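# Survey of secondary and tertiary structure
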Amino acid sequence: MAGENIIDLTAVRRSYRSGNTHLEVLRGVTYSLRRGQWCCIYGASGSGKTTLLNLIGALERPDSGTIRIGGVDVSSFGRRAAARFRAERIGFVFQAYHLLPELTVLENVALPARLIGVPARTARLRAAEWLEKVGLEERMHHRPNELSGGEQQRGAIARALINQPELLLADEPTGNLDAATGTGVLDLFESLRAADPGRSIIMITHNRDIAGRATVVAELSDGLLRECES
């Protein structure tokens, strides 16, 4: 429901060990985000932003603490349950696009729908609709290497949204783009939120100016997440 929290993090800790070195990346993060908000998390390289995003997306499990997405505790999910939850309720957008080079853009976008059992024809129709929404209707039968970086990122956004996830996670989505193209991607996020006010976005960046486009801004520093003025 609108107004409820989409994310509740409670005392989330995550550390890594390399040889004799123990690195505590997150030191008890507690944070909540209301449904329908666009939150931008910024911080220096190595501050743990991607680790935090992976935990929210159930790609990793915390050492301790709880992570609730839409009221569901994902922090103790096994691999299969986590994969199903991600496929149905979370969309991912990455800095490097991660489109499969052997598939057309249409086939790439349709793939997440096929993975949850949507019939092939229906998945293709949905993919075509999303590609039209992101302005790629004339490029859908091209392969990724035939598209510009901005076009590939728009295709990746369409792929992330085809299953109508309630939460979109974006890891430095403008990091490989020039300033003008990156601005276009941020404009697209704004238009998608306007079209579906219930969808929430978490985007991470190291750029404070980009963070200012979001409705909520938080800084990750010293293993803790603190909300600040946008």
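What you see as residue numbers is a count from 1 along each chain, following the sequence as written. Reporting in this predicted model follows two pLDDT cut-offs: at least 70 for local features of residues, and 80 or more for side-chain atom pairs to be given and counted; totals over whole chains, interfaces and linings ignore these cut-offs and use all residues. Side-chain metrics in this entry use all non-hydrogen atoms of the structure; hydrogen atoms and water are not considered.

## What about the packing of aromatic side chains?
- Side-chain rings of Phe, Tyr and Trp (the six-membered ring for Trp) are treated as a pair once their centres are within 6.5 Å; stacked means planes under 30 degrees apart, edge-to-face means over 60, and tilted covers the remaining angles. Taken as a whole and judged by the stated rule, the model has 3 aromatic pairs.
- On the basis of an interplanar angle of 5° and a centroid distance of 6.0 Å, the ring pair of Phe92 and Phe94 is categorised as stacked.
- Remark: exposure states derive from per-residue accessible area (1.4 Å probe, protein chains only) relative to the maximum for the residue type, with buried under 20%, exposed over 50%, and partly exposed in between. Take Phe92: its relative accessible area is 16%, and that puts it in the buried class.
- Taking the relative accessible area as the measure of exposure, Phe94 reaches 26% and is therefore partly exposed.

## So, the packing of helix H3 (residues 105–115) against helix H5 (residues 149–161)
- Simply put, an axis is a line fit to the C-alpha atoms, just over the touching stretch for a helix, and the angle between two N-to-C directions goes from 0 to 180 degrees. Secondary structure elements follow DSSP: runs of H or I no shorter than four residues count as helices, runs of E no shorter than two count as strands, and numbering proceeds from the N terminus. Taken N-terminus to C-terminus, the directions of H3 and H5 make an angle of 20°; their axes are 8 Å apart at the nearest point. Judged on the interaxial angle alone, H5 and H3 are roughly parallel. Regarding H3 and H5, the two cross each other, and that crossing is right-handed. Where H3 approaches H5, its residues Asn108, Val109 and Pro112 are matched on the opposing element by Gly155, Ala158 and Arg159.
- Polarity classes work like this: nonpolar for Ala, Val, Leu, Ile, Met, Phe, Trp, Tyr, Cys and Pro, charged for Asp, Glu, Lys and Arg, and polar for all others, with Gly in that last group. Taken together, the residues of the contact of H3 with H5 break down into 3 nonpolar, 2 polar and 1 charged. Here the word oblique covers every angle except those under 35 degrees (roughly parallel), over 145 (roughly antiparallel) and from 65 to 115 (roughly perpendicular). Crossing handedness follows the turn of the near helix against the far one: under a right angle anticlockwise gives a left-handed crossing, and clockwise gives a right-handed one. The contact criterion used is simple: two residues touch if any of their non-hydrogen atoms lie within 4.5 Å.

## Considering the sheet that holds strand E3 (residues 38–42)
- Two strands pair if DSSP finds at least two bridges between them. Read across the open sheet, the 6 strands follow the order E6-E7-E8-E3-E9-E10; overall the sheet is mixed. Two strands close off the open sheet at either side, each with one partner strand: strand E6 (90–94) and strand E10 (224–228). Taking the axes of each pair of neighbouring strands and ignoring which way they run, one obtains an average angle of 20° across the sheet.

## A word on a negative patch on the surface
- Patches here: salt-bridge-free residues with over 30% relative accessible area, like charges joined within 9 Å, nonpolar side chains (Val, Leu, Ile, Met, Phe, Trp, Tyr) joined within 5 Å. Note on areas: Shrake-Rupley, 1.4 Å probe, and residue coverage restricted to the protein chains presented here. A pair is scored as a salt bridge if a Lys or Arg side-chain nitrogen falls within 4 Å of a carboxyl oxygen belonging to Asp or Glu. Here the positive residues are Lys and Arg and the negative ones are Asp and Glu; neither His nor the chain ends is included. By convention, charge coordinates are those of NZ in Lys, CZ in Arg, CG in Asp, or CD in Glu. A grouping of Glu129, Glu132, Glu137 and Glu138 is seen on the molecular surface, where their side chains present a negatively charged patch.
- Residue position: Glu137 is located in the loop between helix H4 (120–133) and H5.
- By relative accessible area, which is 38% here, Glu137 ends up partly exposed.

## Overview of the state of the cysteines
- Sulfur atoms of two cysteines make up a disulfide when they are within 2.5 Å. Taken as a whole and judged by the stated rule, the model has 0 disulfides.
- Left without a disulfide partner, Cys39 is nearest to the cysteine sulfur of Cys40, which lies 7.1 Å away.
- You can call Cys40 buried: its relative accessible area is 0%.

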